[in-house]
Amino acid sequence: MSSEHGTGRTDGAGHEAAAMRRALALAATPGVPLSPNPRVGCVLLADDGATVAEGFHRGAGTPHAEADALARAGAAARGTTAVVTLEPCNHTGRTGPCAQALVEAGVRRVVYAQSDPNPVARGGAETLRAAGLVVEAGLLEHDARALNRVWTLAVEHGRPFVTWKLAATLDGRSAAADGTSRWISGRASRRDVHRLRALADTVLVGTGTVAADDPALTVRDEQDRPLERQPLRAVMGESDLAPGRRVLDGSAETVHLRTRDPRAALAQLAGLERRHVFLEGGPRLAAAFVRAGLVDEIVAYVAPVLLGAGASAVGDLGISTVAAALRPVLTDVTVIEGVAGEQPDVRLTLVPAPLPAPRGSDHPEHPAEHPVDQPAAPPAPIPGGTR
Ligand SMILES: NC(=O)c1ccc[n+]([C@@H]2O[C@H](COP(=O)([O-])OP(=O)(O)OC[C@H]3O[C@@H](n4cnc5c(N)ncnc54)[C@H](OP(=O)(O)O)[C@@H]3O)[C@@H](O)[C@H]2O)c1
């Protein structure tokens, strides 16, 4: 943690760490929309460590966490320490700049976890320092970044975070030789997919999947009823969608991205303020994203099913030898218990392997996007990660 001006209190560090944990919990309040804004919490502390007020952001168009806490504190905000999970913003968007609001309220000191990666909003810390406040950055930063990992990547890279979901047989197939693919995974896994879809703001498939499966791509509950808030349905590819396809049924918004360039598709989605794409295939589209280094997370449902023939879960990645295999890193393995007498499936969650540091560099930093066609020393990781 870095201290500015050398005048920061240190005796209240325990209170501040506890307040930051509380602010993180407030930020993670269930029901807060995960997009397009970050989740942010704020706690105002008196000198003796007592909580004066708390606040959190409830989504785009509502007051920011600091403004929420300041409104609750009223005049009692004067002289407090604001403990906030994200650097107070410096710009006027749908709401006013928080840095200015903290200054005007007479807050004495600000402790924040994560610096604002948003070029439009950053600069709050300097505004606060210029006004004479003591500012400390970095308290529980790792936790704050983890809380907003999708938003952070989206803002840092100017494109949505991409989670690629696949369902495959034991022999890695996503469809049988005759093209049939429903249902490879069990009912419980499909329910789990709906849960994950609901965490994203966009569900993306290729025109081939729409033609073959006619998926609705909506989020439905356990009784198969559509949820109120639906992600955008995006279909990518140059061919027209046949009329009457379920993605065109009006039960959620749909956009047809008439391109085969994953980067151009993500740019269009970023323009629609989309932060998190849930890429559901099919194999050719998934391969295009992997090859472009634009997959940030993989969620694979592996079913105890053998086909022996049929399409692979992912198309050609341009890999001809095992030394060049992509080796993403497992972060979670969960057995999805079967329901109604079905066998369980296994859900694997993976992230791209970190790229090796450039020769002669002490910094393990690496570009997050690493096209496969760029020469790389084997074994090549799944490109796309920042972790
Ligand atoms: N098990 C699973 O998890 C899963 C998930 C989804 C689908 N599937 C199965 O996959 C099968 C469909 O496979 P698919 O590969 O045809 O589906 P797809 O990947 O959804 O669609 C392929 C089409 O997408 C378009 N496209 C857009 N950008 C592309 C790019 N960069 N590279 C290649 N194509 C691009 C092309 O059509 P244009 O001519 O329109 O450009 C292409 O023909 C179905 O049997 C489906 O059931 C399985």
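Here the residue numbers are simple positions, counted from 1 along each chain's written sequence. Side-chain atom pairs in this predicted model are given and counted only at pLDDT of 80 or more, local residue features only at pLDDT of at least 70, and totals for whole chains, interfaces and linings cover all residues.

As recorded in an unreviewed UniProt entry, the protein goes by Riboflavin biosynthesis protein RibD and comes from Nocardioides kribbensis. Note on the protein: under the UniProt heading Function (unreviewed entry), the record states "Converts 2,5-diamino-6-(ribosylamino)-4(3h)-pyrimidinone 5'-phosphate into 5-amino-6-(ribosylamino)-2,4(1h,3h)-pyrimidinedione 5'-phosphate." UniProt positions are given in the numbering used here, feature names are shortened, and annotations may be inferred rather than shown by experiment.

Visitor: How should I be thinking about the site of the ligand in this particular structure?
Guide: For each residue, a C-beta atom is placed from the backbone, and the residue counts as near a molecule or strand when that atom lies within 6 Å of it. The immediate surroundings of the ligand are formed by 28 residues, with G206, G208, G237, G281 and G282 found nearest. Strands here mean DSSP runs of E at least two residues long; helices mean DSSP runs of H or I at least four residues long; both are numbered from the N terminus. Mapped onto the shell around the ligand, the elements with two or more residues apiece are β7 (161-168), β8 (202-206), α8 (207-213) and α10 (283-291).

Visitor: Which parts of the structure should I look at to understand helix α1 (residues 13-27)?
Guide: What sets the pattern is the α-helix's 3.6 residues per turn: residues three or four places apart point alike. Between its first and last C-alpha atoms α1 spans 20 Å; for 15 residues at 1.5 Å apiece the expected length is 21 Å, and the two agree. Every C-beta atom is placed from the backbone, and the number of other C-beta atoms within 10 Å of a residue's own sets its class: buried at 20 or more, exposed at 12 or fewer, partly exposed in between. Within α1, burial applies to H15, E16, A19, M20, A23, L24, L26 and A27. Two residues qualify as being in contact provided that their C-beta atoms, derived from the backbone, are within 7 Å of each other. Close packing links the buried residues of α1 with β2 (41-45), β3 (51-56), α2 (65-73), β4 (81-86), β5 (109-114) and α5 (141-147). The span one expects for a helix is its residue count, reduced by one, times 1.5 Å.

Visitor: Would you mind going over the sheet that holds strand β11 (residues 276-279) with me for this structure?
Guide: Backbone hydrogen bonds hold the strands of a sheet together, and the pairing may be parallel or antiparallel. Following DSSP output, two strands are said to pair if at least two bridges run between them. Taken together, eight strands build an open sheet; the order of strands is β10-β9-β8-β11-β7-β12-β14-β13 and the sheet is mixed. Each edge of the sheet is formed by a strand with only one pairing partner; in this case those strands are β10 (254-257) and β13 (329-336). Across the sheet, the mean angle separating the axes of adjacent strands is 20° when strand polarity is ignored. As judged from the five bridges shared by strand β12 (residues 297-302) and strand β14 (residues 345-351), these two strands associate in the antiparallel manner. Across the sheet, V299 pairs through a bridge with T349, a residue of β14. In this description, a line fitted to the C-alpha atoms serves as the axis of each element, helices being fitted only across the stretch in contact, and the angle between N-to-C directions of two axes falls anywhere from 0 to 180 degrees.

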